[in-house]
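# Fold and contact review
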Amino acid sequence: MLPDMEELINTVEGWFGQNPIYDGLISSALLLVFAGLFFFAIRLAISRGIRRLIRKTETHWDDALYDAGFFYRLTLVVPILVVRQGLDFIPHLPESAYSLLARIVMALAIVVAVQVAIALLNAAGTIYRTTAGASRHSIKGYLQIGQILVVGVGVVLTLAVLMDRSPLVFLGGMGAMTAVLMLVFKDTILGFVASVQIATNDMLRVGDWIEMPSAGADGDVLDIALYTAKVQNWDKTITTIPTYMLIQESFRNWRGM
């Protein structure tokens, strides 16, 4: 029985020696399975352990992080690290394939970092809405600008890693496309400038009663975002006003009344 098993092992080893590509494919599949098991184990621990621990605390910032998906997105780092470290142990892996896979893994790490940063910004917005200053000044526009910047930086870094180029190359190319970018992000730029002026001059707050005949708005301000402000009219209809219109056209604020 034992000699047959030894002969089978020698046959398998000889076959893998003659076909090294299959040895690398099987090792890669096992690495992915191992990374997936790590990922699901940690996610299960978060869904059961960390969630119970967070619900028992009296602080609110950890609840905001959990509800924003911060911890779930952070678990994606684990399989990426496992795969990155496991690439060094895959046999018969060509140098070109190793370099390509390493760049792909690094690009995925950047994407995860962007998702984690966006979750942090969302959690910051949730925490701020529980403070007393939220009724006077809205930071939703600033958070949206932050998300746009994070995504922009993530896209540049991801392309630079995948193409094995310096990020400065892409930034230099974007300089030549400034006019196009300003045209594409015109509403974003106008909305950001309007949000700054509205917050600085205390022109509008969530809960204010405003009247803007040109936009058909006459009611309470529900939300002030980067692009739009929502007003619930006296008849319960919702009017959406572009944020930049609030500084370009006149409106009446009945707050003092």
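Above this text you will find the structure in question.
Described below are features of the structure shown in this document. (Residues numbered from 1 in each chain as written. Predicted model: local features only at pLDDT ≥ 70, side-chain atom pairs only at ≥ 80, totals over all residues. Heavy atoms only, no water.)

### A short note on the sheet that holds strand β1 (residues 209–212)
Paired through backbone hydrogen bonds, the strands of a sheet run either parallel or antiparallel to each other. Taken together, five strands build an open sheet; the order of strands is β4-β3-β2-β1-β5 and the sheet is antiparallel. Each edge of the open sheet is held by one strand with a lone partner, namely β4 (238–242) and β5 (252–253). Here strand β2 (residues 217–224) pairs with strand β3 (residues 228–233) via five bridges, running antiparallel. Bridge pairing in β3 links Gly219 to Asn233. (Pairing = 2+ DSSP bridges. Helix = DSSP H or I, 4+ residues; strand = E, 2+ residues; numbered from the N terminus.)

### Notes on the pattern of salt bridges
For the structure shown, the criterion picks out one salt bridge. For Asp208, the salt bridge goes to Arg255, with nearest N and O atoms at 2.8 Å. Here the residue Asp208 occupies a position in the loop between α10 (186–200) and β1, and Arg255 occupies one in the segment after β5, the gap between them amounting to 47 residues. Relative accessible area serves as the criterion here: at 6%, Asp208 is assigned to the buried category. (Salt bridge = Lys/Arg side-chain N within 4 Å of Asp/Glu carboxyl O. Buried < 20%, exposed > 50% of the residue type's maximum accessible area, 1.4 Å probe, protein only.)

### Comments concerning the packing of helix α5 (residues 77–86) against helix α6 (residues 95–128)
At their nearest, the axes of α5 and α6 sit 10 Å apart, and the two run at 165 degrees to each other. When the axis of α5 is compared with that of α6, the two are roughly antiparallel. Where α5 crosses over α6, the handedness of that crossing is left-handed. Here Val77, Ile80, Val83 and Arg84 of α5 lie close against α6, whose contacting residues are Tyr98, Ala102, Val105, Leu108, Ala109 and Val112. Along the lines of polarity and charge, the residues of the contact of α5 with α6 split into nine nonpolar, no polar and one charged. (Axes fitted to C-alpha atoms, helices over the stretch in contact; angles between N-to-C directions. Parallel < 35°, antiparallel > 145°, perpendicular 65-115°, else oblique. Left-handed = near helix turned anticlockwise from the far one by under 90°. Contact = heavy atoms within 4.5 Å. Nonpolar A, V, L, I, M, F, W, Y, C, P; charged D, E, K, R; others polar.)

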